[in-house]
Amino acid sequence: MKVYKFLDSKFGMKSILERRLKISRINELNDPFELFPYDISDRNHRFAIYATKNYLNQTNGVLCFSGNWQNPVLWAHYSDKHYGLCIEFEVPDNDGTENDRFTKVRYVSYRRPFPQSPTIKDSTDMLFTKFSSWQYEDEVRALLTLKDEVDGLYYADFSEILKPTKVIVGLRCTLSQSDVINALGSMTSQVDVIKARAGFKEFKIVKDERGFR
């Protein structure tokens with residue numbers, strides 16, 4: 001499936017040049033309700049959930065993507081107000097098995113009752129369930145094991161399971177097509193580079209058929 005990573009121009013170009021994406025630490029994600037889809041008004045339940053989250057923060061990180069690139073709000077929030085770029089990746093399809101790496105986030109309007117006997121499915125719900133107000137993100141995420149620390153950060157390398165296929169340059173971005181192509185280097189033949197513009201008929205970001213100007 002296709003997934004999309006929104007970045008500002010500096011870190012977008014850095015990711016392309018280095019052939020990798022930074023993995024986000026769980027405790028650094030921007031939603032304070034991450035991993036808290038359940039009612040945790042009970043003190044013991046709350047302690048258990050916080051302990052689980054802190055453990056996962058030490059051992060795992062998250063790659064976060066969107067399922068589409070045309071939402072102007074995503075560009076505004078995650079791509080420097082349209083001054084950045086968006087990288088399209090081809091990742092393995094989710095076939096519903098527990099071994100899937102890339103999973104679509106489920107959105108709910110209310111906190112769920114805390115499970116009496118937690119199962120693997122409940123732990124999955126913790127990781128891939130968010131409040132419905134975040135639904136505009138159309139999020140797809142991957143939970144990864146943290147390894148090979150570099151200056152306190154962790155990365156996922158571009159690969160056959162994280163394969164860039166397109167770079168969409170924001171409508172306000174000053175990067176030229178040749179800037180991106182030079183950064184792509186040997187990947188140029190595999191990655192399309194397009195310029196974005198605001199749509200004329202709908203509230204969508206679309207390809208600028210006139211190209212770079």
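In this report, the structure presented in the accompanying data block is examined. Every value quoted in this text rests on a predicted model; they were computed, and no experiment measured them. (Residues numbered from 1 in each chain as written. Predicted model: local features only at pLDDT ≥ 70, side-chain atom pairs only at ≥ 80, totals over all residues. Heavy atoms only, no water.)

### Concerning the overall build of the protein chain
Secondary structure summary: the protein chain contains 5 helices and 13 strands in total. Over its C-alpha trace the protein chain gives a radius of gyration of 19 Å, about what one expects of a compact globule, namely 17 Å for 213 residues. Taking the principal axes of the C-alpha coordinates as reference, the protein chain spans close to 60 × 40 × 30 Å. Taken over 213 residues, the protein chain has a buried fraction of 45%. Within the protein chain, contacts between residues at least 6 apart in sequence are counted, and of these 77% link residues at least 24 apart. Accessible surface, the protein chain as shown: approximately 12100 Å² in total, 51% of it carbon and sulfur. Between the centroid of the 31 positive side chains of the protein chain and the centroid of its 29 negative side chains there is a distance of 4 Å. (Helix = DSSP H or I, 4+ residues; strand = E, 2+ residues; numbered from the N terminus. Rg over C-alpha atoms; globule rule 2.2 N^0.38 Å. Buried < 20%, exposed > 50% of the residue type's maximum accessible area, 1.4 Å probe, protein only. Contact = heavy atoms within 4.5 Å. Areas by Shrake-Rupley, 256 points an atom, 1.4 Å probe, with all protein chains shown as cover. Lys, Arg positive; Asp, Glu negative; His and termini not counted. Charge placed at Lys NZ, Arg CZ, Asp CG, Glu CD.)

### A word on helix α4 (residues 120-128)
Because an α-helix completes one turn every 3.6 residues, residues spaced three or four positions apart along the sequence face the same direction. Considered for burial, the residues of α4 that qualify are Asp122, Asp125, Met126, Leu127 and Phe128. Here the buried face of α4 lies against α2 (43-59), β6 (102-104), β7 (106-108), β8 (129-131) and β9 (139-145).

### Structural notes on the side chain of aspartate 208
Tracing the backbone shows aspartate 208 in the segment after β13 (205-207). With sequence-adjacent residues up to four places away left out, aspartate 208 is seen in contact with Lys195, Ala196, Arg197 and Arg213.

### A closer look at empty space enclosed by the protein
If you walk through the whole model with that rule in mind, you get 1 cavity of 30 Å³ or more. Here the largest cavity is characterised by a volume of approximately 40 Å³. Lining of the largest cavity is provided by Ile26, Leu35, Val62, Leu127, Phe128, Arg141, Ala142 and Leu143. Secondary structure elements with two or more residues in the lining of the largest cavity: α4 and β9. The element best represented in the lining of the largest cavity is β9, accounting for 3 residues. A per-class count over the lining of the largest cavity returns 7 nonpolar, no polar and 1 charged. (1 Å grid on protein atoms, 1.4 Å probe; cavity = no way out; pocket = protein on both sides within 12 Å on 5 of 7 lines; lining within 4 Å. Points joined across faces, edges and corners; volume = space filled by probe spheres on them. Nonpolar A, V, L, I, M, F, W, Y, C, P; charged D, E, K, R; others polar.)

### A look at the pairing of strand β4 (residues 60-66)
Here β4 lies mainly inside the structure; 7 of its 7 residues are buried. Both β4 and β9 contribute to a ladder of 7 bridges, which runs antiparallel. The partner of phenylalanine 65 across the bridge, within β9, is valine 140. (Pairing = 2+ DSSP bridges.)

### A word on the nonpolar core
When a protein is soluble and globular, its nonpolar side chains tend to lie buried together. Judged by nonpolar contacts, the single largest core of 32 residues is most densely connected at Leu63, Phe89 and Leu162. Mapped onto this core, the elements with two or more residues apiece are β1 (2-7), α1 (9-18), β4, β5 (85-90), β9, β11 (163-169) and α5 (177-184). Apart from the residues within four sequence positions on either side, leucine 63 is in contact with Leu21, Lys22, Ile23, Val140, Arg141, Ala142, Leu144, Ala156 and Leu162. The next biggest cluster of nonpolar side chains, apart from the first, holds 14 residues, and it includes Ile26, Phe36, Phe114 and Met126. (Core = buried A, V, L, I, M, F, W, Y, C linked by side-chain atoms within 4.5 Å.)

### Structural notes on unusual backbone geometry
Apart from glycine, the bulk of residues carry a negative phi angle, and the bulk of peptide bonds sit in the trans form. Of note in the backbone geometry, histidine 82 takes a positive phi value of approximately 80 degrees without being a glycine. Counting through the fold element by element, histidine 82 comes out in the loop between α3 (72-78) and β5. Under the relative-accessibility criterion, histidine 82 is labelled buried at 10%.

### Concerning the layout of surface pockets
Here the largest pocket defines a volume of roughly 780 Å³. Along the wall of the largest pocket there are 29 residues; nearest its centre are Lys5, Phe6, Leu7, Ser24 and Tyr78. Only β1, α1, β2 (20-22), β3 (24-25), β4, α3 and β9 provide two or more residues apiece to the lining of the largest pocket. By residue class, the composition of the lining of the largest pocket is 12 nonpolar, 4 polar and 13 charged.

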